[in-house]
Amino acid sequence: MSKLHVERIGGLAGFGGRSHLRSRGELDLETLSAEDNRTVESLFQSQGIAEPSQVRDGFLYRIARTTPEGVETIEVPEAVVPSAISRCVKDELV
Amino acid sequence: MKTRQNLNNRPDMLSGIFHSCLCPCFIIPSKVLKRFSRDRKLSAKARKAFADTARFEKEWREVRAARTRLSLMAQKVLPSQLAAAPPGPPAVMVFNCHNGTTLPGTLVPKAKTSSDTTAKRAFVEATDVAKFYKELFGRNSIDNAGMALISSIHFSVRYNNAFWNGSQMTYGDGDGNIFIDFTKGNDVIGHELTHGVTQHSLGLSYSNQPGGLNESVSDVFGSMFRQWQANEDVTNADWLIGKDIMGPGALARGYTCLRDMSNPAAAHCLSPQPTKFSQYHDGMDPHESSGIPNFAFYKAAMAIGDKSWKKAGKVWYETLTGSGPNPNMKMSAFANRTRSLAGSLFPSEPAVKTAVDVAWTAVGL
């Protein structure tokens with residue numbers, strides 16, 4: 001069963017990095033709707049899209065999947081993440 | 001690890017790409033929207049939604065960019081005329097997302113007296129931040145042209161964040177464990193609103209050194225606003241960021257704030273930061289690298305004494321707003337500009353310039 005590993009980073013509090021805040025989760029691709037699966041695939045297929053934005057303190061989602069070529073990781077803004085994925089993370093203190 | 005793509009600097013607004021695409025603050029890249037609108041793997045309904053959104057997004061981006069350009073131009077061309085006819089305070093509006101993720105949500109009528117304490121607080125604090133900028137620095141709202149202050153509250157569910165989306169502030173309720181209601185932090189509200197001020201002045205980008213400066217400016221003026229509300233001098237101030245939004249779970253672990261400007265690396269910070277420029281590296285989260293200029297401001301303000309907004313604050317404000325956009329500004333350039341302005345703004349008080357110089361030198365800049 002293929003899994004997505006998801007980490008939410010950034011935000012006002014600076015989740016991830018040196019902080020004591022983590023927001024992580026994982027989910028099976030099979031549990032996503034067909035449409036969400038296609039969205040995920042489109043996000044991974046996208047290349048070099050980074051237009052200037054005025055959003056500050058927003059969250060990013062680091063999403064990783066394993067393919068025959070190795071582990072692929074993307075970092076995408078919360079706005080483009082299907083809610084089924086954004087809901088899978090759990091905030092915790094570390 | 002193979003990293004194929006980075007859609008950095010594009011965060012937040014709607015969680016879920018197919019959520020309501022009707023709000024006027026999209027930040028999904030237009031290229032993504034257009035590609036999805038042509039993606040035959042998606043349903044016809046979804047493709048149409050993306051196409052419609054892409055059309056609207058283009059117009060909205062143009063409006064926002066035009067507004068920023070106009071406000072910057074107005075500051076250059078019209079200051080004396082504007083001063084002759086002082087405008088009233090900006091409109092302040094609060095919207096309720098009702099735990100959804102569509103912005104701005106529904107308007108809260110009479111937020112100033114709302115029984116929803118979050119709505120009332122968002123209104124009162126945003127109004128006070130506008131007063132802070134007007135009374136201390138002569139600034140007319142976020143864009144110095146009377147821009148309405150819009151806040152959305154109760155965003156998403158147990159949402160541990162607050163953010164500025166380029167047009168408005170947005171606040172989560174917190175999960176009740178790590179964080180509580182983000183509107184409870186007056187410094188948080190000052191921080192978010194200051195992102196708007198930065199957008200309409202230096203226009204600092206949001207990665208590497210300018211990103212760290214961008215975050216620092218928001219912490220500096222967020223803390224300064226908190227001190228101004230309490231009429232504190234620099235020795236009474238707590239210099240903490242996020243003290244009032246810490247939840248019981250975080251407090252039980254000894255975390256009393258997000259960041260501490262007086263001791264950025266302290267163990268009581270949920271997000272400890274570097275204190276010297278030698279610790280900086282490109283790619284660092286702006287909320288981390290901001291510790292360096294935060295520490296410099298703290299040191300300068302402490303050395304000058306009295307109220308932080310009287311001298312150090314004026315130097316930082318003039319550095320932020322006095323010379324037009326400079327999105328790629330490095331920390332050393334910002335530091336040198338404060339050194340220069342400390343001398344020109346306070347020519348009869350060389351101790352101010354010395355304090356600023358010593359503060360930056362102490363952090364390695």
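On a predicted model such as this, the values are computed, not experimentally measured, just so you know.

Conventions and cut-offs
- Residues numbered from 1 in each chain as written.
- Chains lettered and ligands numbered in written order.
- Predicted model: local features only at pLDDT ≥ 70, side-chain atom pairs only at ≥ 80, totals over all residues.
- Helix = DSSP H or I, 4+ residues; strand = E, 2+ residues; numbered from the N terminus.
- Buried ≥ 20, exposed ≤ 12 C-beta atoms within 10 Å, placed from the backbone.
- Contact = placed C-beta atoms within 7 Å.
- Domains from an automatic or database assignment.
- Nonpolar A, V, L, I, M, F, W, Y, C, P; charged D, E, K, R; others polar.
- Pairing = 2+ DSSP bridges.
- Expected span 1.5 Å × (residues − 1).
- Core = buried A, V, L, I, M, F, W, Y, C linked by C-beta atoms within 7 Å.
- Axes fitted to C-alpha atoms, helices over the stretch in contact; angles between N-to-C directions.
- Parallel < 35°, antiparallel > 145°, perpendicular 65-115°, else oblique.
- Left-handed = near helix turned anticlockwise from the far one by under 90°.

Here we come to the overall build of chain A. Assigned secondary structure in chain A consists of 2 helices and 5 strands. Structurally, chain A occupies a C-alpha span of about 35 × 30 × 25 Å along its principal axes. In chain A, buried positions account for 41% of the 94 residues. Nonlocal contacts in chain A, meaning residues at least 24 apart in sequence, comprise 58% of its contacts between residues at least 6 apart.

Across its full length, chain B holds 12 helices and 8 strands. For chain B, the share of sequence-separated contacts (at least 6 apart) that also reach a separation of at least 24 residues comes to 60%.

Glancing now at the domain arrangement of chain B. How big an interface is tends to be reported as the loss of accessible area on association of its parts. Residue and element names in this part refer to chain B. Splitting chain B by domain gives domain 1 (6-78), domain 2 (87-184) and domain 3 (208-362). Computed over C-alpha atoms only, the centres of domain 2 and domain 3 are separated by 23 Å. Contacts between the two partners involve 14 residues from domain 2 and, on the opposite side, 13 residues from domain 3. Looking at the side of domain 2 that touches domain 3 residue by residue, the classes come out as 8 nonpolar, 3 polar and 3 charged.

A few words now on the pairing of strand S3 (residues 59-67) of chain A. Residue and element names in this part refer to chain A. Of the strand pairs in this sheet, strand S1 (residues 3-10) and S3 are connected by 7 bridges, and their pairing is antiparallel. Across the sheet, His 5 pairs through a bridge with Ala 64, a residue of S3. In terms of strand pairing, S3 meets strand S4 (residues 70-77) through 8 bridges, oriented antiparallel. Bridge assignment links Thr 66 to a residue of S4, and that residue is Val 71. In sequence, S3 turns back onto S4 through a hairpin of 2 residues.

This brings us to helix H9 (residues 291-304) of chain B. All names here are of chain B. With 14 residues, H9 extends 20 Å between its outermost C-alpha atoms, agreeing within 8% with the 20 Å of an ideal straight helix rising 1.5 Å per residue. When you tally the buried positions in H9, you get 12 out of 14 residues, the bulk of the element. Where H9 is concerned, the buried positions are Gly 291, Ile 292, Pro 293, Asn 294, Phe 295, Ala 296, Phe 297, Tyr 298, Lys 299, Ala 300, Ala 301 and Ile 304. Where H9 is buried, its residues touch helix H6 (208-229), strand S8 (259-260), helix H8 (286-289), helix H10 (312-321), helix H11 (331-345) and helix H12 (350-362). In the stretch just after H9, Gly 305 is the one whose phi turns positive, near 85 degrees.

All right, on to the environment of Asp175(B) then. Inspection of the secondary structure puts Asp175(B) in the loop between strand S6 (169-171) and helix H5 (186-199). Given 16 C-beta atoms within 10 Å, Asp175(B) falls into the partly exposed group. When the C-alpha atoms of Asp175(B) and Ser340(B) are compared, they prove to be 45 Å apart, with 165 residues separating the residues in sequence. Discounting residues that sit within four places of it in the chain, Asp175(B) has contacts with Asp91(A), Arg158(B), Asn160(B) and Gly247(B).

Quick look at the environment of Trp316(B) now. Within the fold, Trp316(B) resides in helix H10. Between the C-alpha atom of Trp316(B) and that of Val217(B), which follows or precedes it by 99 residues, the distance is 8.1 Å.

Residue and element names in this part refer to chain B. Examined against the element boundaries, Ile 245 turns out to sit in the loop between strand S7 (240-241) and helix H7 (248-252). The exposure class assigned to Ile 245 is buried, which follows from the 26 C-beta atoms found within 10 Å. Taking the C-alpha atoms as reference points, Ile 245 and Ser 323, separated by 78 residues in sequence, lie 35 Å from one another. Apart from the residues within four sequence positions on either side, Ile 245 is in contact with Gly 174, Phe 179, Ile 180, Phe 182, Lys 184, Gly 185 and Val 188.

Within soluble globular proteins, side chains that are nonpolar tend to cluster in buried spots. Grouped together as the largest cluster of nonpolar side chains are 105 residues, with contacts concentrated most on Ala126(B), Ala296(B), Phe297(B) and Ala300(B). Residue contacts for Ala126(B): discarding those within four places in its chain leaves Val92(B), Leu149(B), Ser151(B), Ile189(B) and Leu193(B).

This brings us to the packing of H5(B) against H6(B). All names here are of chain B. Where H5 contacts H6, the two axes come as close as 7 Å, and the packing angle between them is 130 degrees. If you check the angle between H5 and H6, you find them oblique. Here H5 and H6 pass one another in a crossing that is right-handed. On the side of H5, the interface is formed by Asn 186, Asp 187, Val 188, Gly 190, His 191, Thr 194, His 195 and Thr 198, while H6 contributes Asn 214, Val 217, Ser 218, Asp 219, Phe 221, Gly 222, Ser 223, Phe 225, Arg 226 and Gln 229.

Further remarks concern the packing of H9(B) against H12(B). When two helices pack together, their arrangement is given by the angle between the helix axes and the distance between those axes. Residues and elements named next belong to chain B. Where H9 meets H12, the closest approach of the two axes is 8 Å, and the angle between their N-to-C directions is 145 degrees. At the point where H9 passes H12, the crossing takes the right-handed sense. Residues Ala 296, Lys 299, Ala 300, Ala 303 and Ile 304 of H9 form the contact with H12, whose own contacting residues are Val 352, Ala 355, Val 356, Val 358, Ala 359, Trp 360 and Ala 362. The residue inventory of the contact of H9 with H12, partitioned by class, reads 11 nonpolar, no polar and 1 charged.

All names here are of chain B. One open sheet accounts for 5 strands, arranged S3-S2-S4-S6-S5; its pairing is mixed. The open sheet has two free edges, formed respectively by strand S3 (106-107) and strand S5 (162-164), since each of these has just one partner strand. As judged from the 5 bridges shared by strand S2 (residues 92-96) and strand S4 (residues 149-153), these two strands associate in the parallel manner. Note on S4: the bridge partner recorded for Phe 95 is Ser 152.

Here we take up unusual backbone geometry. A cis amide bond, omega 5 degrees, links Leu103(B) with the succeeding residue Pro104(B). Of note, the phi angle at Asp57(A) is positive, near 70 degrees, even though the residue is not glycine. Checked against the element boundaries, Asp57(A) lands in the loop between helix H1 (34-45) and S3. Since 27 C-beta atoms lie within 10 Å of it, Asp57(A) is described here as buried. Residue Ser156(B) is not a glycine yet carries a positive backbone phi of 60 degrees. Mapped onto the elements of the fold, Ser156(B) is located in the loop between S4 and S5. Residue Ser156(B) is classed as buried on the basis of its C-beta count, with 20 C-beta atoms lying within 10 Å.

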